[in-house]
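# Structure assessment
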Amino acid sequence: MKPACAAFVLTLMLPACGHRVATTVEVDPRDELLCAIAGNPSQHDGEEVVLSATYITDNRHFEMLRNSHCGEGGHILVIGRHGSSDSVKRFYAEQKRICLKRDAPAVCNTTAVVEVSGRVRLQPEGLVVLDIEEVRSFRFNK
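Residues numbered from 1 in each chain as written. Predicted model: local features only at pLDDT ≥ 70, side-chain atom pairs only at ≥ 80, totals over all residues. Heavy atoms only, no water.

## Examining the environment of Asp 58
Mapped onto the elements, Asp 58 comes out in the loop between strand 1 (48-57) and strand 2 (63-67). Once you skip the residues sitting within four places of it in the chain, Asp 58 turns out to touch Ala 106, Val 107, Cys 108 and Asn 109. Within the structure, Asp 58 has its side chain in polar contact with the backbone nitrogen of His 61 (distance 2.6 Å). At a separation of 3.2 Å, a polar atom in the side chain of Asp 58 contacts the main-chain amide nitrogen of Phe 62. (Helix = DSSP H or I, 4+ residues; strand = E, 2+ residues; numbered from the N terminus. Contact = heavy atoms within 4.5 Å. Polar contact = N/O pair within 3.5 Å; in protein donor to acceptor, adjacent residues only side chain to side chain.)

## Examining the state of the cysteines
Applying the stated criterion across every chain yields a total of two disulfides. Sequence-ordered numbering of the bonded cysteines in the protein gives a pairing of 1-2, 3-4. (Disulfide = S-S within 2.5 Å.)

## Quick notes on the sheet that holds strand 1
Ordered in space as 1-2-3-5-4, the five strands form a closed barrel in which the pairing is mixed. Averaged over all pairs of adjacent strands, the angle between strand axes in this sheet comes to 50 degrees, irrespective of strand direction. Bridge count between strand 1 and strand 4 (residues 110-122): ten bridges; the pairing is antiparallel. Following the sheet pairing, Glu 48 is matched in strand 4 by Arg 119. Together, strand 1, strand 2, strand 3 (75-82), strand 4 and strand 5 (128-141) form the strand contacts of helix 2 (residues 32-39), whose direction differs from that of strand 1 by roughly 90 degrees. In the packing of helix 4 (residues 86-101) onto the sheet, contacts are made with strand 1, strand 2, strand 3, strand 4 and strand 5, and the angle to strand 5 comes to roughly 60 degrees. (Pairing = 2+ DSSP bridges. Axes fitted to C-alpha atoms, helices over the stretch in contact; angles between N-to-C directions.)

## With respect to the pairing of strand 1
Regular strands place side chains that alternate from one sheet face to the opposite one. Where burial is concerned, most of strand 1 is hidden: seven out of the ten residues are buried. Pairing of strand 1 with strand 2 involves four bridges; the strand directions are antiparallel. In the sheet register, Tyr 55 faces strand 2, and the bridge partner there is Leu 65. In this structure, the hairpin formed by strand 1 and strand 2 is closed by a connection of five residues, where Asn 59 is found at a positive phi of approximately 70 degrees. (Buried < 20%, exposed > 50% of the residue type's maximum accessible area, 1.4 Å probe, protein only.)

Right under this line is the structure:
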């Protein structure tokens, strides 16, 4: 490659490399609202919220949002109902695609960094759940 051509290619490629670094997703979000909800669920019962968290599931037995930065080792909110919005459908379709690619359609451990909106619901037995209405953004850890 001629030096002038190589310099031109590098000029085009360097901004792309810098952009890639600037858009990395945080591995474990530090959303304090999730900590507050888990710490005092009755205060947030029925509240509409937007949360950034780590989504964790085995695709069969559990589905939850976690913030490991809360005191005492982190807090978890169990996922309740799923809304019927397109964003929720896209999220679960991507999860299914990943599990099928792994050839694990039944039990399939997946995690993702997500931003979701939904309603906090305190169940009679004291379990705190989040009914997801929208998945605003997500990035699965593959």
